Amino acid sequence: LLGNPTSLNNFMVLPVMNFLVSSISITRWACQMSFVLANSYLKPHPEDKRDGAMLSMYKEVFLPDESRVDTPFMDPLFRYACLALFSMGLVLRILSFLGLKFRNRAKQV
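Let us look at the structure shown here. (Residues numbered from 1 in each chain as written. Predicted model: local features only at pLDDT ≥ 70, side-chain atom pairs only at ≥ 80, totals over all residues. Heavy atoms only, no water.)

Looking now at the overall build of the protein. Tallying secondary structure elements over the protein gives five helices and zero strands in all. Taken from N to C terminus, the helices and strands of the protein fall in the order α-α-α-α-α. Expected size for 109 residues packed as a compact globule is a radius of gyration near 13 Å; at 18 Å, the protein overshoots this value by more than 25%. Within the span of the protein, comprising 109 residues, buried residues form 24% of the whole. Considering only contacts within the protein whose residues lie at least 6 apart along the sequence, 58% involve residues at least 24 apart. As displayed, the protein has an accessible area near 8100 Å², and 65% of this comes from carbon and sulfur atoms. The averaged location of the 8 negative side-chain charges in the protein is 21 Å from the averaged location of its 12 positive side-chain charges. (Helix = DSSP H or I, 4+ residues; strand = E, 2+ residues; numbered from the N terminus. Rg over C-alpha atoms; globule rule 2.2 N^0.38 Å. Buried < 20%, exposed > 50% of the residue type's maximum accessible area, 1.4 Å probe, protein only. Contact = heavy atoms within 4.5 Å. Areas by Shrake-Rupley, 256 points an atom, 1.4 Å probe, with all protein chains shown as cover. Lys, Arg positive; Asp, Glu negative; His and termini not counted. Charge placed at Lys NZ, Arg CZ, Asp CG, Glu CD.)

Together, Phe 86, Leu 90, Val 91, Ile 94, Leu 95, Phe 97, Leu 98 and Phe 102 line one region of the surface with nonpolar side chains, adding up to about 810 Å² of accessible area. Mapped onto the elements, Phe 97 comes out in helix 5 (residues 76-103). Residue classification places Phe 97 among the exposed residues on the basis of a relative accessible area of 53%. (Patch = residues over 30% accessible without salt bridge, like charges linked within 9 Å, V, L, I, M, F, W, Y side chains within 5 Å. Salt bridge = Lys/Arg side-chain N within 4 Å of Asp/Glu carboxyl O.)

Our next topic: the packing of helix 3 (residues 26-42) against helix 4 (residues 49-62). Across the interface, helix 3 lies against helix 4 with an axial gap of 11 Å and an inter-helix angle of 120°. Looking at the two axes, helix 3 sits oblique to helix 4. With respect to the hand of their crossing, helix 3 and helix 4 are arranged in left-handed fashion. Contacts between helix 3 and helix 4 involve Arg 28, Cys 31, Gln 32, Phe 35 and Asn 39 from the first element and Leu 55, Tyr 58, Lys 59 and Phe 62 from the second. (Axes fitted to C-alpha atoms, helices over the stretch in contact; angles between N-to-C directions. Parallel < 35°, antiparallel > 145°, perpendicular 65-115°, else oblique. Left-handed = near helix turned anticlockwise from the far one by under 90°.)

This next bit is on the packing of helix 3 against helix 5. Two elements in contact, helix 3 and helix 5, have axes whose closest approach is 9 Å; the angle formed by their N-to-C orientations is 145°. Crossing geometry of helix 3 relative to helix 5 is assigned as left-handed. Residues Ile 26, Trp 29, Ala 30, Gln 32, Met 33, Val 36 and Leu 37 of helix 3 pack against Leu 77, Phe 78, Tyr 80, Ala 81, Cys 82, Ala 84, Leu 85, Met 88 and Leu 92 of helix 5. Class assignment of the residues belonging to the contact of helix 3 with helix 5 gives a composition of 15 nonpolar, one polar and no charged. (Nonpolar A, V, L, I, M, F, W, Y, C, P; charged D, E, K, R; others polar.)

This part takes up helix 3. Helix length check: helix 3 (17 residues) gives 24 Å between terminal C-alpha atoms against 24 Å at 1.5 Å per residue, within 8%. Looking at helix 3, one finds that the buried residues are Arg 28, Trp 29, Gln 32, Met 33, Phe 35, Val 36, Asn 39 and Ser 40. Down the axis of helix 3, the buried side of the element spans an arc of 165°, and every buried residue falls inside it. Turned more than 90 degrees away from the buried face of helix 3 sit Tyr 41 and Leu 42, all of them exposed. Those residues of helix 3 that are buried are in contact with helix 1 (5-11), helix 2 (15-24), helix 4 and helix 5. (Expected span 1.5 Å × (residues − 1). Arc of directions from axis to C-beta.)

Given below as structure tokens:
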């Protein structure tokens with residue numbers, strides 16, 4: 001999965017890979033939205049060192065700028081994620097419709 005923060009950080013190094021992953025990976029945006037919401041509402045305070053390291057890694061990948069607003073719906077990253085998921089869904093529906101329409105053209109009534 002490209003939304004996993006352990007592998008996502010590797011793809012975000014090069015601008016070309018960043019663009020490709022951001023434009024084709026639905027899980028990249030969905031995981032980021034989920035983390036932004038969970039982090040802002042739950043405000044986790046891990047007690048274990050391992051959990052603290054995981055939380056800081058997630059924050060490093062999904063929240064690169066710590067000066068975010070407290071309300072996730074006002075966060076620009078959250079809005080970009082919503083826009084990206086909406087546009088990916090719209091493009092997939094349009095392409096699916098066109099594929100169904102023109103692939104079986106001879107069989108349509």
